[in-house]
Amino acid sequence: MEQEKVVQVLSDVDSLASPSQHIVVLRRLAGPLLSLGMLCLALWALHLLAREVNYHQVRRYVQSLSHGRLLLAALFTALGYAVMTLYDRFALVSIGRKLPWRRVGMISFISYAFSNAVGMSLLVSGSIRYRFYIQNGLSTGEVARVVLFCTTSFWLGLLALTGVTLLWVPLPANLPLAAFSLPLGVLLALIPLAWLAGGQIRRPVRIWRWRVNLPSTRTGLQQILLGALDWGLAAAVLYVLMPDQLNHGFGHFLAIFVIAQIIGLISHVPGGIGVFEAVMLASFGATGNQALTAPILGALAAFRVIYYLLPLCTATALVLQREARGLRRKSLLAPWFTGLLPSFFAGLTMVSGAVLLFSGATRALPERMAILRDVLPLSVLEVSHLLASVIGMLLLILARGLQRRLDAAYVLTLVLLVAGAVFSLLKGIDYEEATLLTLLAMALAPAHRLFYRRASLFSTSFSLGWVLAILAVLGCASWLVMFSYKHVDYSSSLWWEFSFRQGGAPRALRALVAAAAAGMLFAVASLIRPVRLHREPPSEIELAQALPLIKQSACAQAHLALMADKTLLFDPAHKAFVMYDIAGRSWVTMGDPVGTDDATRRELVWTFLEQCEHAGGWPVFYQVSPANLDLYLEVGMNLLKIGEEARVRLATFNLDGKSKKVLRNTVNKLTREGLRLEIVPADAVLPLLPRLKQISDAWLRDKHVREKRFSLGAFDPRYLVRTPMAVVWQGDRLLAFANLFLSGTMQEASVDLMRFLPDGPAGIMDYLFVELMQWARAEGYHWFNLGMAPLAGLQNRRQAPLWNRFGALVFGRGERFYNFRGLQRYKDKFDPEWEPRYMAVPGGIALPMILTNVASLISGGLSGVVRR
């Protein structure tokens, strides 16, 4: 197997670019902690602004909204989401791609419904668009351009509408920003105008690190008008729900609405929840005015339900409908769609948990409590209220397990959804949330095959963002308790009051504390589990445990584990392992998981991903085969073709024909000169090592190269004595050697370390390969693996992904760094069958650093990438 290089170095960087681990950690924590801090400030501001308002007043205003207003708000919402589909339509036109209108509309609606409700629009909508559009024939680069077009249109429209509105209708004098209304309007309006002016520039414009081709003036105008119309319709939804006392004209309302939306977006709080409401409430001067504060809060609550929650439920129904259609046809869903469903179910489970917690924090309807007083013992009501909130917290935790496809999380979620529905009815006849939980349980029940992992929920990693999301829901529930029962004076006796009529506040407090305690117990149970660090080289015991798995593997490449330069990660039963090494933040496995049990290998991929997450690393699977791509697609990784592997079918291999004339003559000539091949068993290699060492050193000096690693072996006596050795003799003189990889299933034979004397006869490597293939065929092996030709088979076409075009360019013009074409031509003369090989990588902008890290691993350091 030849030495390999996958990429030309994009930049001369160290293996870990950050000068300080503390700075790296702080940078990772800064965003989520800032969002949580903004949410806490917003909830505190709402508490101060609404201190004279109680829950009943808000509910009365919502109930007083006429059907006409609600229908008009729903109509504006439908129009708004219809306009959003034009973002994608125009984006596809701008990149020259055409897809059916219905399909584009569905993709756009689903992505915006989730991103508007969840927040982090670029990440959420971008990931959804990526999964859908990739399956519709778009390349990764084209999807990125679509997402960039939509995001740019979104912000240009918002800035243009805000700027024009502030110039047209200045902010009220009592607002903090009123004095800056005019200059702020001018500044915001200038940004879209500059974008339009940039359309006249025909060359790429440098914006920070990137070079961007600005759209034409016509396209830029489309973006601005489309974004402004989108935001105008969103404002209209809330405008028709606001109380009549605040009807000072749509322009005045629009100015406050867009400023509040910008602040909410900048805060990075999911959906801007709390932040948007606090700004709206403060901007309308409702502080201390009970008559206005309650209606405004009621209108904002109705706006959240109509504009965010209803589209989210509709988008969820569309996704579940596609799943049901696939189940009815009794056919497997496409891998990309199957990969979406666990995340959808996880999101809905988290929403259901939040609903239970919020329901437990608010007052029950008096008329329903009157019914329960006559038919239900008080003890049942109290226990049901407490357990419903505990189940809400557990659902927030189990949502992570569903996302990770855990079988235990699936079963527990089903049980808790049904139990939550029952307790919702028993605690207050809350049939609305009981219906939601039941429908989710019915949708989740037939999807058991998607949750196949047998891992423990306690060993699942919870990202910082996930933990902060749970804390945010718990914080909102705490705020709801304070808001709903602010008229109740707190005392220690509240904890021990049990009553149908006056027991609402004690029940809410007990339920909140019980839910928090459940979360704390889970956190403590997870933290006290021992964490095993997987960074040590394998011990002799581990190599002995790996050897039977290596022999059972159909792929001879598994023998690279015997080099002992890569860490081995086993499953608990030692039925499979992955070998990996670390460069920078990249945790790179060599090949697919080794083992014969498919379920164990699949679970091992998840385990490796979770270990990377614990360490803050990037998981990378290098040189994986097409037969195992589903293992990586299911966990959301992207695939890059890195070359093609040459495998000779031994049953048909021969030296007959005109195409083999040169090979045939070389072998015959060297045979007449007295060369012979000997296969030395592994236990007889040790006495030969001094002579093999002389050949190896001479070969390295002659080639002006150094030892490589990771995907290749090196001259290490401890490694070489673990495999048989093929040696070429001429009389008593040793000319060449190669250590052998022989699969125990007789499927494949291959070589790794190949060295020969520089002054030996010409064609000795051809002789060695031909003799080895003939020996392997006689021994009963089916294939002979010649190794991978890096970057072979990548196409440099206009519609090809950017990575393919870059790889094809390096393959054709990168001879300065590596003989890409020569290696492929050399292997091709043995008439092999070429099979693609891939690298599975996480999505995002870390790809250049990952490629650099992988190249560094293979080349034995960054300096080895640019020299032999």
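Residues numbered from 1 in each chain as written. Predicted model: local features only at pLDDT ≥ 70, side-chain atom pairs only at ≥ 80, totals over all residues. Heavy atoms only, no water.

1. Concerning the overall build of the protein chain
Scanning the protein chain for helices and strands turns up 28 helices and 14 strands. Within the protein chain, contacts between residues separated by at least 24 positions form 75% of all contacts whose residues are at least 6 apart in sequence. Here the protein chain has roughly 38,800 Å² of accessible surface; of this, 63% comes from carbon and sulfur atoms. (Helix = DSSP H or I, 4+ residues; strand = E, 2+ residues; numbered from the N terminus. Contact = heavy atoms within 4.5 Å. Areas by Shrake-Rupley, 256 points an atom, 1.4 Å probe, with all protein chains shown as cover.)

2. Comments concerning a nonpolar patch on the surface
Residues Leu-167, Leu-182, Val-186, Leu-190 and Leu-193 make up a contiguous nonpolar surface patch of roughly 450 Å² in combined accessible area. In terms of residues, the nonpolar patch owes the most to one element, helix α7 (residues 181–198), which gives four residues. Mapped onto the fold, Val-186 is located in helix α7. Among the residues examined, Val-186 registers a relative accessible area of 38% and is labelled partly exposed. (Patch = residues over 30% accessible without salt bridge, like charges linked within 9 Å, V, L, I, M, F, W, Y side chains within 5 Å. Salt bridge = Lys/Arg side-chain N within 4 Å of Asp/Glu carboxyl O. Buried < 20%, exposed > 50% of the residue type's maximum accessible area, 1.4 Å probe, protein only.)

3. Examining helix α14 (residues 378–403)
For α14, with 26 residues, the first-to-last C-alpha span of 38 Å sits near the 38 Å given by 1.5 Å per residue. The largest bend along α14 measures about 30° and falls at Ile-397. The first or second residue beyond α14 is Arg-405, which carries a positive phi of 65°. (Expected span 1.5 Å × (residues − 1). Bend = angle between axes of the 7 residues up to and from the residue.)

4. A few points about the packing of aromatic side chains
Think of a pair of aromatic rings as described by two things: how far the centres are apart, and how the planes are tilted against each other in angle. Following the criterion strictly, the structure yields 29 aromatic pairs and no others. Plain terms: the ring middles of Phe-154 and Trp-155 are 6.0 Å apart, the flat faces sit at 80° to each other, and that makes the pair edge-to-face. According to the relative accessible area criterion, Trp-155 is partly exposed, its value standing at 30%. A network of ring pairs unites the aromatic residues Tyr-81, Phe-109, Tyr-239, Phe-250, Phe-253, Phe-257, Phe-276, Phe-303, Tyr-307 and Tyr-308 as a single cluster. The ring of Tyr-308 has Arg-304 sitting right over it, with the charged end atom 4.8 Å from the ring centre. Lying over the aromatic face of Trp-783, Arg-647 brings its terminal NZ or CZ to 4.4 Å of the ring centre. (Phe/Tyr/Trp six-rings, centres within 6.5 Å; stacked < 30°, edge-to-face > 60°. Lys NZ or Arg CZ within 6 Å of the ring centre and 35° of its normal.)

5. Considerations on helix α10 (residues 275–283)
Counting buried positions along α10 gives eight out of nine residues, so the element sits mostly inside the fold. Within the sequence span of α10, burial applies to Val-275, Phe-276, Glu-277, Ala-278, Val-279, Met-280, Leu-281 and Ser-283.

6. Describing the nonpolar core
By size, the foremost hydrophobic cluster in this structure holds 134 residues, and its most contacted members are Ile-110, Tyr-133, Leu-238, Leu-241, Phe-257, Met-280 and Phe-303. Examining the composition of this core, we find that 14 residues originate from one element, helix α11 (residues 290–328), more than from any other. Excluding residues that lie within four positions of it along the chain, Phe-303 makes contacts with Ala-234, Val-237, Leu-238, Leu-241, Phe-257, Phe-276 and Tyr-308. Counting 88 residues, the second-largest nonpolar core is a separate cluster that includes Leu-640, Leu-663, Ala-698 and Leu-700. (Core = buried A, V, L, I, M, F, W, Y, C linked by side-chain atoms within 4.5 Å.)

7. Re the pattern of salt bridges
For the coordinates displayed, the defined rule picks out 26 salt bridges. For Lys-427, the salt bridge goes to Glu-433, with nearest N and O atoms at 3.7 Å. The same class applies to Lys-427 and to Glu-433, which are both buried. Through salt bridges with shared partners, a single network forms among Arg-368, Lys-427, Asp-430, Glu-432 and Glu-433.

8. Description of the packing of helix α6 (residues 140–168) against helix α8 (residues 217–241)
One way to put it is that α6 packs onto α8 with a least axis distance of 7 Å and a crossing angle of 65°. Overall, the two elements α6 and α8 adopt an arrangement that is roughly perpendicular. In the crossing of α6 with α8, the sense of the turn from one axis to the other is right-handed. Here α6 contributes Phe-149, Thr-152, Ser-153, Phe-154, Leu-156, Gly-157, Leu-158, Ala-160 and Leu-161 to the contact with α8, which in turn contributes Thr-219, Gln-223, Ile-224, Gly-227, Ala-228, Asp-230, Trp-231 and Gly-232. In terms of residue class, the contact of α6 with α8 is built from nine nonpolar, seven polar and one charged. (Axes fitted to C-alpha atoms, helices over the stretch in contact; angles between N-to-C directions. Parallel < 35°, antiparallel > 145°, perpendicular 65-115°, else oblique. Left-handed = near helix turned anticlockwise from the far one by under 90°. Nonpolar A, V, L, I, M, F, W, Y, C, P; charged D, E, K, R; others polar.)

9. Describing the packing of helix α3 (residues 67–94) against α6
Their axes nearest at 9 Å, the elements α3 and α6 cross at an angle of 130°. If you check the angle between α3 and α6, you find them oblique. Here the hand of the crossing between α3 and α6 comes out right-handed. Across the interface between the two elements, Tyr-87, Asp-88, Phe-90, Ala-91, Leu-92 and Ser-94 from α3 touch Arg-145, Val-146, Phe-149, Cys-150, Ser-153 and Phe-154 from α6.

10. A look at the pairing of strand β7 (residues 618–624)
Counting buried residues in β7 gives seven out of seven residues, a clear majority hidden from the surface. Of the strand pairs in this sheet, strand β5 (residues 586–590) and β7 are connected by five bridges, and their pairing is parallel. Looking at β7, one finds that Met-590 is bridged to Tyr-622. With three bridges joining them, β7 and strand β14 (residues 833–841) adopt antiparallel strand pairing. Its bridge partner being in β14, Val-624 is matched across the sheet by Tyr-838. (Pairing = 2+ DSSP bridges.)

11. Topic: the pairing of β14
Both strand β8 (residues 638–649) and β14 contribute to a ladder of nine bridges, which runs antiparallel. Among the inter-strand pairings, Ala-646 is bridged to a residue of β14, identified as Trp-834.

12. Some words on the side chain of Ser-553
Turning to its location among the elements, Ser-553 is positioned in the loop between α19 (540–552) and β3 (567–570). Ignoring any residue separated from it by four or fewer positions in sequence, one finds Ser-553 in contact with Ala-558, Val-594, Ser-743 and Thr-745.

13. What to know about unusual backbone geometry
Even without glycine at this site, Ala-564 takes up a positive phi of about 65°. Here Ala-564 lies in the loop between α19 and β3. Assessed through its relative accessible area of 23%, Ala-564 is described here as partly exposed. Despite not being glycine, Gln-623 has its phi angle at roughly 60°, a positive value. Within the element layout of this structure, Gln-623 appears in strand β7. The class for Gln-623 is buried, based on a relative accessible area of 1%.

14. Observations concerning the environment of Cys-476
Among the structural elements, Cys-476 can be located in helix α17 (residues 464–484). Sequence separation between Cys-476 and Leu-357 is 119 residues, and the spatial gap between their C-alpha atoms is 9.2 Å.

15. Focus: the environment of Trp-44
Mapping Trp-44 onto the fold places it in helix α1 (residues 21–49). With a relative accessible area of 53%, Trp-44 lands in the exposed category. Considering only alpha carbons, one finds Trp-44 and Gly-274, 230 residues apart in sequence, at a separation of 9.4 Å.

16. Comments concerning the environment of Val-662
Relative to the elements of secondary structure, Val-662 occurs in helix α22 (residues 661–672). For Val-662, a relative accessible area of 63% gives the class exposed. Distance from Val-662 to Asp-766, taken between C-alpha atoms, is 9.8 Å for residues 104 residues apart in sequence.

17. Side note on the confidence of the model for the protein chain
Scored by pLDDT, the protein chain comes out at a mean of 80, with 80% of its residues at no less than 70. Looking across the protein chain, the model is least confident in helix α26 (residues 802–813), with a mean pLDDT of 47, and most confident in strand β10 (residues 725–730), with 93. Counted against residues more than four places away or in other chains, residues 1–25, with its pLDDT under 50, gives 65 contacts. The low-confidence segment residues 807–817, where pLDDT is below 50, has 25 contacts with residues more than four positions distant or belonging to other chains. (pLDDT = per-residue confidence, 0-100.)

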